[in-house]
Amino acid sequence: MDKVSIINRQLPITLDGEVPVTSAKTQNRKALIIGLDGATFDVMDPLLAAGELPHLAKLMADGVWGRLRSTLPPNSAPAWTAFLTGKNPGHYGILNFRYLDLHNYSGYTSRFASSAAFAGRTFLDAMSQQGRGVVAYRVPMTYPVWPVRGVMVAGYPTPDRRQAYTFPPELGEELTPIALHSHDEILGAGVAEERRNADFEIEAIEQTMSRFLQAGEQDLYVCVSGITDGFQHKFWKYVDPQHSLYDPAEAAQHGDIIAEYYRKLDGMVGRLVAQAGSDWLVIVMSDHGGGPRPGQALNLNAWLQQMGWLQVRTGRKRPLHRATRRLVEWARHSFPFPDWANRHLPERVKLRISEVRSNAGLVDWARTRAYRVDLQYPAQGIEINLRGRQPEGIVELGAEYEALRSEILDALRGLTDPDDGRPLVREAYRREEVYAGPFLEEMPDIVLLTDPAYQGGDETDLLITEVPHSFLSRFSGDHLMEGVLMMRGEGLIRRGERVEGAEITDLAPTILYALGCPVPQDMDGRVLEEALEPGVLAHHPVVHGKPLGDVREGAATGEVYSDEDEEGIRKALEGLGYI
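Residues numbered from 1 in each chain as written. Predicted model: local features only at pLDDT ≥ 70, side-chain atom pairs only at ≥ 80, totals over all residues. Heavy atoms only, no water.

Caption draft 1: Quick look at the sheet that holds strand β16 (residues 454-457). Sheet architecture is open: three strands sit in the order β16-β11-β17, paired in mixed fashion. Edge positions in the sheet fall to β16 and β17 (464-466), since each of these pairs with one other strand and no more. Taken over all neighbouring pairs, the strand axes of this sheet differ in orientation by 40° on average, direction set aside. The sheet contact formed by strand β11 (residues 296-299) and β17 spans three bridges and is antiparallel. From the neighbouring strand, A297 faces β17, where its bridge partner is T465. (Pairing = 2+ DSSP bridges. Helix = DSSP H or I, 4+ residues; strand = E, 2+ residues; numbered from the N terminus. Axes fitted to C-alpha atoms, helices over the stretch in contact; angles between N-to-C directions.)

Caption draft 2: Representation of the pattern of salt bridges. Inspection of the entire model under this criterion finds 34 salt bridges. Note that E400 is salt-bridged to R369, the shortest N-O span being 3.6 Å. Within this pair, whereas E400 is found in helix α16 (residues 399-413), its partner R369 is found in the loop between α15 (347-357) and β12 (370-374), the two being separated by 31 residues in sequence. Given the relative accessible area of 30%, E400 is considered partly exposed. For R369, a relative accessible area of 23% corresponds to the partly exposed category. Three or more residues joined by partner-sharing salt bridges are found here, namely E383, R389, R431, E441 and D445. (Salt bridge = Lys/Arg side-chain N within 4 Å of Asp/Glu carboxyl O. Buried < 20%, exposed > 50% of the residue type's maximum accessible area, 1.4 Å probe, protein only.)

Caption draft 3: Inspection of the sheet that holds strand β14 (residues 425-430) at higher detail. With respect to topology, four strands assemble into an open sheet ordered β12-β13-β15-β14, the strand pairing being antiparallel. Two strands lie at the open edges of the sheet, namely β12 and β14, each paired on one side alone. Mean inter-strand twist for the sheet, computed between neighbouring axes without regard to direction, equals 25°. As paired elements, β14 and strand β15 (residues 446-450) share five bridges and run antiparallel to each other. Within β15, the residue paired with Y429 across the bridge is V447. Packed onto the sheet, α16 meets β12, β13 (379-384), β14 and β15 and runs at close to 170° relative to β14. (Contact = heavy atoms within 4.5 Å.)

Caption draft 4: View of the pairing of strand β4 (residues 107-112). Counting buried positions along β4 yields five of six residues, so the element is predominantly enclosed. Counting the residues between successive antiparallel strands, the hairpin from strand β3 (residues 98-101) to β4 contains five residues.

Caption draft 5: Seen up close, the packing of helix α3 (residues 41-49) against helix α4 (residues 54-62). Between α3 and α4, whose axes approach to 10 Å, the crossing angle comes to 95°. When the interaxial angle is binned, α3 and α4 end up roughly perpendicular. Between α3 and α4, the contacting residues are F41, M44 and L48 on the first element and L56, A57 and M60 on the second. (Parallel < 35°, antiparallel > 145°, perpendicular 65-115°, else oblique.)

Caption draft 6: Molecular detail of the environment of E250. By the secondary structure assignment, E250 is in helix α10 (residues 248-254). Taking the relative accessible area as the measure of exposure, E250 reaches 31% and is therefore partly exposed. As a C-alpha pair, E250 and V239 span 11 residues in sequence and 9.2 Å in three-dimensional space. Those residues in contact with E250, other than ones at most four positions away along the chain, are Y238, L245 and G255.

Caption draft 7: Expanded view of the packing of aromatic side chains. Going through the model one piece at a time under the given rule, you end up with 13 aromatic pairs. A ring pair is formed by F97 and Y156, whose centres lie 5.7 Å apart and whose planes are at 85°; its orientation type is edge-to-face. Of this pair, F97 sits in the loop between α5 (76-85) and β3 while Y156 sits in the loop between β6 (150-154) and β7 (166-167), and the two are 59 residues apart along the sequence. Ring centres 4.9 Å apart and planes at 80° place the aromatic pair W365 and Y371 in the edge-to-face group. (Phe/Tyr/Trp six-rings, centres within 6.5 Å; stacked < 30°, edge-to-face > 60°.)

Caption draft 8: Up close: the environment of Q129. Turning to its location among the elements, Q129 is positioned in helix α6 (residues 123-129). Take Q129: its relative accessible area is 22%, and that puts it in the partly exposed class. When the C-alpha atoms of Q129 and C517 are compared, they prove to be 9.5 Å apart, with 388 residues separating the residues in sequence.

Caption draft 9: Here's a closer look at α5. Burial analysis of α5 places 10 of its 10 residues in the buried class, the great majority of the element. Within α5, the full set of buried residues consists of S76, A77, P78, A79, W80, T81, A82, F83, L84 and T85. Sitting at the amino-terminal end of α5 is N75, which places a side-chain oxygen 2.8 Å from the backbone nitrogen of A77. Note on α5: the residue one or two positions beyond its end, G86, has a positive phi of about 70°. (Polar contact = N/O pair within 3.5 Å; in protein donor to acceptor, adjacent residues only side chain to side chain.)

Laid out in structure tokens, this is it:
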């Protein structure tokens, strides 16, 4: 079969659905969605002001723009899943690329999250059920791929970053290669090789998406680039004079590298958007923002100890634990230890190593009422040591549990830096104020956002400690809660206006509405009505359709990957510092 025909054909798959209740105008509208992982207005704004992002500036002038709030935590795994499903993490149980197990004290398990938690329950599937064709190219968290009415090419993380994992399977043989280097090769790549890879990625996205767009047989086209996020993680120290690792000599060589690739991506966006009709819905968005990785750590376990809610072991076990922790960290950085350990060590031994690394072994659990849960910066969690849930839980469910949560929340909101009085916590919530769904019980009892100057730490002695330079050197940038949103569409979207309060869960219902599809009634997000032209809703009210449903048993938390796949996924996540 030739290359054009496999793209053009309507795939012979059966997808249960319902007849769209829309006018011909909305039913025939198409959409182009371009994701720039981690893109932030903190980088864009000065470039826009200088006229260096002309295509993004035109989108803003022709439509609406604003900051887009990510999931809490702003980790790419839950954030891209929220983009796809229109739902908060309580519906799919994903807070990171590894599953969190709060029934023990080690935190994260060795099992990786995957599309099995939500496949078949996304806006791609809602469109497919309405007979509308979709292209999803390299959207994160779409591995393993699943059947849609159209095409899916898996996005980060995948076992082999050079291979295209596709639906339909035979399409993978036709597409431009995904990347130049393997996971192992990119881990050791210098700046020059990172540039080559980024240039290759831009060319691959543009060539492949242009083929799909020119074939013109689908209704929705979605693609994602990870360059913005990757470069911010690795190169922030070169561009930020306030960063603790900033070096003027290195800045003279590489100080423009992040801005350079924002400019290159702006060109890619412009060339892709030029292939879309003026009445298409066009969205440029990011799953979260980005900025410097802070040089100070806020150690919530130390604070909980000071407040009397956490107790630390005394005696000879404590220095032994510290020595063991140093040995584990040395092994991790001196040998290919993580790969070997995950392949060969029993689960109970891996659990013990995780406890050592997180300082869980220092905590006297039989006398501890609450403890810190590690989440993606700038989010952290606190878990109550509940009787019957945790192995050595002592807090009773009910009045005692609720009273303790209230006490901790009140204290968090008044927590300040002892040196300068700066508030250390910006937001703090009970879990049910943030999450809802069948996985609510898997979420931390309390979730919070720290001041961006402080990342989470696991020390039990000092409230604030310095982050070692060795931790900052390889990954000097990190995530922030607010990404970017730009929307354009003649006859649909307002022109030249800023929108406030948009959240990443709002994109799925907004896209479905714009394309004339019913919005599943179980989506948490809302149609961004404030972005629409006056009168649009009056003529085309939002129509709600049947729920997409949640995946509860087995699929979300069961074994999905082979040993070989797991090794590849692990290396992909190491490449951006997620594990």
